[in-house]
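Understanding the architecture of this molecule
If you want the building blocks of each chain, they are given just below.
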Amino acid sequence: MRGSLTRALTGAMGLIAAAAGQAVTAAPVAADSVVVGGRPARIADAPWVVALSSRDRFGGTRAGQFCGGVVVAPTKVLTAAHCLGREVLGGEPWEVRDFVVIAGRAALRGQGGQEVRVSDTWVNPDYDPTTNAGDLAVLTLVSALPQSSVIGVAREGDAALTPGTEADVFGWGDTTGNGTYASTLRTARVQVLPDSTCEQAYPGGGFGAPYQGDTMLCAGDPQGGKDACQGDSGGPLVAKGLLVGLVSWGSGCGQAENPGVYTRVSAVLPARF
Ligand code: 4AZ
């Protein structure tokens, strides 16, 4: 943790840090503020949203959920590189023996959908854990999900990436900024913001690294209140029906002056995927 910037903090890690008395997030936001300020989402409307799970490491009450992910091909799931870090998993991903992707399930306490094991993990070699630049990893599933659960990925120059475009973020993360984790999938409507907004919010120097628009995407609610939060990391930001970002980092949750920072998937995902 650097200063007040939160990153690499998944839901359960937040709980562990909170229990240890560490400051884990910036100031609380308004109540009901996924996803702060969000509303329930139906998995039928967002079949590409998945949960990353290890019950051994994160406990069984919320099916071991610790990050989000998104299906971009029947056997390929994108998530944030920081979700697979040693400080999150306590080891390498392949050492987490009950690591599964939960697909087709909105209610973590329910039995819907399927749990699929991971045969391979690829962490972007250009990912920089100090700055969070290039925060992307690809999981290969042992068995294929239906093509109907695949979302297309926005490419550089697509209108979906234009500032001002409405975008929806999905996850099971903190709904209050105070460590209240959702057990059913939620979504919040934000908008793609200009790089300049996040450059001003996150100038670097002092606490934290600067926002870097080449590998990061800025999005939020100009009024504040709607945002991704801890535990949403790795989950999708969708605009015009296309994947534009992965939840990566930010300062606090839902504060108008501190937008969410997402992985700019169009810039970081290698063409071969
Ligand atoms: C996190 O720690 C995190 N408000 C994710 C998203 C945001 C802040 C923190 C953005 O996983």
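An account of the accompanying structure is given in this report. What you see is a predicted model; the values in this text were computed from it and never measured. (Residues numbered from 1 in each chain as written. Predicted model: local features only at pLDDT ≥ 70, side-chain atom pairs only at ≥ 80, totals over all residues. Heavy atoms only, no water.)

1. A few points about the pattern of salt bridges
Applied cut-off: Here, a salt bridge means any Lys or Arg side-chain nitrogen found within 4 Å of an Asp or Glu carboxyl oxygen. Note on classification: 1.4 Å probe, protein chains only; a residue is buried when its accessible area is under 20% of the maximum for its type, exposed when over 50%, partly exposed between these limits.
Within this structure, the stated rule accounts for 7 salt bridges. In this structure, the salt-bridge partner of arginine 86 is glutamate 92, at a minimum N-O distance of 3.1 Å. Judged by relative accessible area, glutamate 92 falls into the partly exposed class, the value being 27%. In this structure, the salt-bridge partner of aspartate 168 is arginine 189, at a minimum N-O distance of 2.6 Å.

2. Details of the nonpolar core
Spelled out, the test is: Throughout, nonpolar core names a set of buried Ala, Val, Leu, Ile, Met, Phe, Trp, Tyr and Cys residues whose side chains join them through atoms within 4.5 Å. Counting from the N terminus, the helices are DSSP H or I runs at least four residues long and the strands are E runs at least two residues long. Here a residue-residue contact requires only that any non-hydrogen atoms of the pair lie within 4.5 Å.
In this structure, Trp48 and Leu78 are the most contacted members of the largest nonpolar core, which totals 49 residues. Among the elements that line this core, the one with the most residues is strand β4 (residues 65-73), at 5 residues. With near-sequence residues (within four places) excluded, leucine 78 lies in contact with Gly69, Val70, Val72, Leu136, Ala137, Val138, Gly234, Leu243, Leu246, Val265 and Leu269. Within the second largest apolar cluster, 17 residues are counted, among which are Ala160, Ala167, Ala188 and Val192.

3. Focus: the packing of aromatic side chains
Aromatic rings in a pair are described by how distant their centres are and how their planes are angled relative to each other. Going by this rule: Pairing of aromatic side chains here covers Phe, Tyr and the six-membered ring of Trp, requires ring centres within 6.5 Å, and sorts the geometry by plane angle: under 30 degrees stacked, over 60 edge-to-face, intermediate tilted.
A complete count under the given rule lists 4 aromatic pairs for this structure. When the ring of tryptophan 48 is compared with that of phenylalanine 170, the centres are 5.2 Å apart and the planes differ by 90°; the resulting orientation is edge-to-face. Taken together, the residues tryptophan 48 in the loop between β2 (39-40) and β3 (49-53) and phenylalanine 170 in strand β10 (residues 166-171) connect sequence positions 122 residues apart.

4. With respect to the pairing of strand β6 (residues 100-103)
Put simply, the rule reads: For two strands to be treated as a pair, DSSP must find no fewer than two bridges joining them.
The side-chain alternation of β6 yields two buried faces, one formed by Val100 and Ile102 and the other by Val101 and Ala103. Relative to β6, β3 is paired through 4 bridges, and the arrangement is antiparallel. Bridge assignment links valine 50 to a residue of β6, and that residue is alanine 103. Summarising the sheet, β6 and strand β7 (residues 114-123) pair through 4 bridges and their orientation is antiparallel. Residue isoleucine 102 lies in a different strand from β7, and its bridge partner there is glutamate 115.

5. Here's the deal with the environment of leucine 145
Secondary-structure assignment places leucine 145 in the loop between β8 (137-141) and β9 (152-153). On the accessibility criterion, leucine 145 (5% relative accessible area) is buried. Taking the C-alpha atoms as reference points, leucine 145 and glycine 104, separated by 41 residues in sequence, lie 9.4 Å from one another. When neighbours within four sequence positions are excluded, leucine 145 is seen to be in contact with Val71, Pro74, Ala103, Gln114 and Val116.

6. What to know about unusual backbone geometry
Although it is not a glycine, asparagine 132 adopts a positive phi angle of roughly 70°. Within the secondary structure, asparagine 132 is located in the loop between β7 and β8. Of the residues examined, asparagine 132 reaches a relative accessible area of 2% and is grouped as buried. Although it is not a glycine, lysine 240 sits at a positive phi angle of roughly 50°. Tracing the sequence through the fold places lysine 240 in the loop between β13 (236-239) and β14 (242-251).

7. Topic: the sheet that holds β7
So the rule is basically this: Helix axes are fitted only over the stretch in contact, all axes being lines through C-alpha atoms; the angle between N-to-C directions runs from 0 to 180 degrees.
Judged by pairing direction, the barrel is antiparallel, and its 6 strands sit side by side in the order β3-β4-β5-β8-β7-β6 before closing back on the first. For this sheet, the mean angle separating the axes of adjacent strands, direction not counted, is 40°. Two elements, β4 and strand β5 (residues 76-79), share 3 bridges in a ladder whose sense is antiparallel. Counterpart to valine 71 in the pairing with β5 is valine 77.

8. Here we look at empty space enclosed by the protein
Keep this limit in mind: Only protein atoms enter the 1 Å grid used here. Points where a 1.4 Å probe fits but cannot escape make up a cavity, open sets with protein on both sides within 12 Å along at least five of seven lines make up a pocket, and a residue lines them when an atom lies within 4 Å of a point. Grid points are joined across faces, edges and corners, and a volume is the space filled by probe spheres set on the points. Charged means Asp, Glu, Lys or Arg here, nonpolar means Ala, Val, Leu, Ile, Met, Phe, Trp, Tyr, Cys or Pro, and polar covers whatever is left, Gly included.
Within this model, the second largest cavity holds a volume of roughly 50 Å³. Looking at the second largest cavity, it is lined by 13 residues, and the ones nearest its centre are Gly220, Asp221, Gln255, Asn258 and Pro259. When the residues that make up the lining of the second largest cavity are grouped by side-chain class, the tally is 4 nonpolar, 6 polar and 3 charged.

9. Quick look at the pairing of β3
Walk down a regular strand and you will see the side chains alternate between the two sheet faces. Summarising burial for β3: 5 of the 5 residues are buried, a large majority. Of the two faces of β3, the one carrying Val49, Ala51 and Ser53 and the one carrying Val50 and Leu52 are both buried.

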